[in-house]
Amino acid sequence: MSSLYIHIPFCSSKCPYCDFYSQVGTLEQIDEYVNFLNLNTEILKQGTSSPQPFDTIFFGGGTPSLLSVPQIERILNTIQKTFGIKENVEISLEANPGTVNLEKLQGYRQAGINRLSLGIQSLNDKNLQVLGRIHNVHHAHESIDAARSAGFDNLNLDLMFALPNQDLTGLKQEIRTLLSFAPEHISLYGLTFEEGTDFSAQLQSGKLSSCEESLYAEQYNLLHEKLAAAGYDHYEISNFASLDRRCHHNQIYWQRESCLAIGVGSHSFIGEGWGERWHIPADLKLYKSSLLHGENPAELLETYDHQDAMKEFVYLALRTRDGINLNKFKQLFNLSIDQAFPIALKKTGKYLHTDNNHYNFRLNGWLLYDHLISRFL
Ligand code: SF4
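Description of helix α5 (residues 137-149)
In step 1: Spanning 13 residues, α5 covers 18 Å between terminal C-alpha atoms, matching the ideal 18 Å at 1.5 Å per step.
In step 2: Looking only at α5, the buried set comprises A140, S143, I144, A146 and A147. Viewed along the axis of α5, the buried residues span an arc of 165°, placing them on a single side of the element. Of the exposed residues in α5, those oriented more than 90 degrees away from the buried face are H138, D145 and S149.
In step 3: Of the surrounding secondary structure, the elements contacted by the buried residues of α5 are α3 (102-111), β6 (115-121) and β7 (155-161).

Put into structure tokens, the structure is as follows:
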């Protein structure tokens, strides 16, 4: 598989809980950025020893739906001319309600986007206000309807939980509404208070309170129960898919396979040797200046050795329901998982489901994922 991630670092406004690299951009800045992305693609191609046409492409952000249809076409045309795009490619784009309408979504679909991820975040107006989102529930409904009318039959909806003052009754109502849209994919985000955000300051000053651990667990279990009962495959700790609608692009990350990246603040992984992680520093000025000098703006973050690669493989695989494939692990690392991690497996054993060829966390293991995975690291 060959994959590309494209980072769009612009948003309509900054949400108070968000620590992603994004900024409010003008129309001119966004248009100029598209030119830089194309330059980035060309320079990346020159430095890639055996470029392959892409099987998956993912526009993430930020808010990629701030880009117009012609801008998306310019980016995809450049990718087609340089690396190439496979015929049955999955092209995902993250969009936020309040930044799309039917005409734009029809244009995206015609440009080749075939998987839309809508950041609806909540189906409760009070929650959306607390989150500082630019849209309300009505806008979310409109965007979902427009996506369906535009022909998107592979739709992801993001839903946040563990929100301030969110109780189980309210969450149940949101889940009912969510299921009424029958999305093909659902991504969950438990709210966290990241350092440096407005939310973190409000938590410290007592204006906001975080969700108790026990309520967090109840909400997570409720989401699992209701979505599984509705036929969704809980295939990753935070992701659910209806039949055959897993996100192929994100599966590349969890399987620790190579993924190239363009755009300021983006990360890539090259699976040669034991693997290398690269990033493009979150500095727009530096990004532009490197590209104008004909240089690849990516910097090496980490080169893995055998031990680190094994740890990361397990860290990623245990996020998924498929878990660790024991044959694959042995083939890759020339050791069995039991030889590689005897103590960690003993300590986490009661949270693991095992069969002849797989180890994966049970639901109660996913709830304690951070704690349990630390045994392997
Ligand atoms: S729209 Fe998304 S990326 Fe942009 S500020 Fe809000 S949460 Fe962050």
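Describing helix α1 (residues 27-46)
In step 1: A rise of 1.5 Å per residue sets the reference length of α1, with its 20 residues, at 28 Å; its end C-alpha atoms lie 29 Å apart and thus fit the reference within 8%.
In step 2: Of all the positions in α1, only Y33, L37, N40, T41 and L44 are classed as buried. Seen from one end, α1 has its buried residues packed into an arc of 100°, which puts them on one side. Residues of α1 that are exposed and angled more than 90 degrees away from the buried face: E28 and Q46.
In step 3: Considering only its buried residues, α1 is in contact with β1 (3-8), α2 (69-82), β11 (260-262) and α10 (284-292).

Description of the pairing of strand β12 (residues 267-270)
In step 1: Relative to strand β13 (residues 276-279), β12 is paired through four bridges, and the arrangement is antiparallel. Considered in β13, the bridge of F269 is made with R277.

Here's the deal with the sheet that holds strand β4 (residues 54-61)
In step 1: Strand order across the open sheet formed by nine strands is β9-β10-β8-β7-β6-β5-β4-β1-β11, with mixed pairing between neighbours. Among the strands making up the open sheet, the edge pair consists of β9 (233-236) and β11. Neighbour to neighbour, the strand axes of the sheet diverge by 20° on average, direction disregarded.

As for the sheet that holds strand β16 (residues 352-354)
In step 1: Pairing is antiparallel in the open sheet, where three strands are placed in the order β15-β17-β16. Strands at the two margins of the open sheet, each flanked by one partner only, are β15 (324-325) and β16.

Rules of the game
Here the residue index of a chain counts from 1 through its sequence in written order. Two thresholds apply to this predicted model, a pLDDT of at least 70 for residue-level local features and 80 or more for giving and counting side-chain atom pairs, whereas whole-chain, interface and lining totals are computed over all residues. Helix and strand definitions follow DSSP, with helices as H or I runs of at least four residues and strands as E runs of at least two, each counted in order from the N terminus. By definition here, a helix of n residues has an expected span of 1.5 Å times n minus one. Buried means a residue has 20 or more other C-beta atoms within 10 Å of its own C-beta, exposed means 12 or fewer, and partly exposed covers the counts in between; C-beta atoms are placed from the backbone. Arc definition: it is the arc formed by the directions from the helix axis to the C-beta atoms. Throughout, a pair of residues is in contact if the C-beta atoms placed from their backbones lie within 7 Å. Two strands make a pair as long as DSSP finds a minimum of two bridges between them. Axes here mean lines fitted to C-alpha atoms, for a helix over just the part in contact, with angles spanning 0 to 180 degrees between N-to-C directions.

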